[in-house]
Amino acid sequence: MKSFSYKDVFIDGTERPVQKPKNLRRRKKMYSGKKRQTTRKGLIMTDETRQIGFIPMSKNGRRHDKRLLDKVDIIRHIPPEVTIWADTGFQGIDKQHPNTQIPKKGTRKRPLSPEQKQENKIISGIRITVEHAIAGIKCLGCMTQILRNRRPFIDDTFLLLSAGLWNFHLRTA
């Protein structure tokens, strides 16, 4: 078995627009309130060099990032000495993995202190690598335009091809 050589793993979700289905039930499942359109959502896991290491199958845009991560069940395969960096969409992941860094959330009644804000700024500065990887994937037009092809799993194929091209770009650059 291959040993796990990463020190840090970065996880984030991304959405891509798809054509509205004619069926109202399917349309409601694919509607993302965040993007205000019908989307497919996928998770991306990268390392500190921005290389994409894992992409599970994409699901309907209505699903939450944490729910997708729980369905894939990849967290239990990450050793405890590896730090997981995630955004606030993955609240509760720290109960599954002991070495997790998530920004703190403030509320109206309990706003964040200046120390917590500074800590969140540091976490987001480190987490930017996964955002750069997502931007690298989306520099291809097939990941940002509305997907009108109705073949099954074609959106996952485009996502995998884009990730492969991004990893190839990182190796050659």
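Look up a bit, the structure's there.
What comes next concerns the included structure.

Criteria and thresholds
- Residues numbered from 1 in each chain as written.
- Predicted model: local features only at pLDDT ≥ 70, side-chain atom pairs only at ≥ 80, totals over all residues.
- Heavy atoms only, no water.
- Salt bridge = Lys/Arg side-chain N within 4 Å of Asp/Glu carboxyl O.
- Helix = DSSP H or I, 4+ residues; strand = E, 2+ residues; numbered from the N terminus.
- Buried < 20%, exposed > 50% of the residue type's maximum accessible area, 1.4 Å probe, protein only.
- Pairing = 2+ DSSP bridges.

## Notes on the pattern of salt bridges
Thinking step 1. One pass over the full model with this rule turns up eight salt bridges.
Thinking step 2. Its salt-bridge partner being Lys66, residue Asp70 comes within 2.8 Å of it at the nearest N-O pair. Of this pair, Asp70 and Lys66 both sit in helix H2 (residues 65–72), separated by four residues, roughly a single helical turn.
Thinking step 3. By relative accessible area, Asp70 is classed as partly exposed at 35%.
Thinking step 4. The class of Lys66 is buried, set by a relative accessible area of 12%.
Thinking step 5. For Arg127, the salt bridge is made with Glu131, and the minimal N-O distance between the two is 3.1 Å. Taken together, the positions of Arg127 and Glu131, both in helix H3 (residues 114–138) and four residues apart, correspond to about one turn of that helix.
Thinking step 6. Each of Asp12, Arg127 and Glu131 takes part in a single network of salt bridges with overlapping partners.

## Observations concerning the pairing of strand E3 (residues 37–46)
Thinking step 1. With nine of its ten residues buried, E3 lies for the most part within the structure.
Thinking step 2. The sheet contact formed by strand E1 (residues 8–17) and E3 spans eight bridges and is antiparallel. Bridging across to E3, Glu15 finds its partner in Lys41.
Thinking step 3. By the bridge criterion, two bridges tie strand E2 (residues 31–32) to E3 in an arrangement that is antiparallel.

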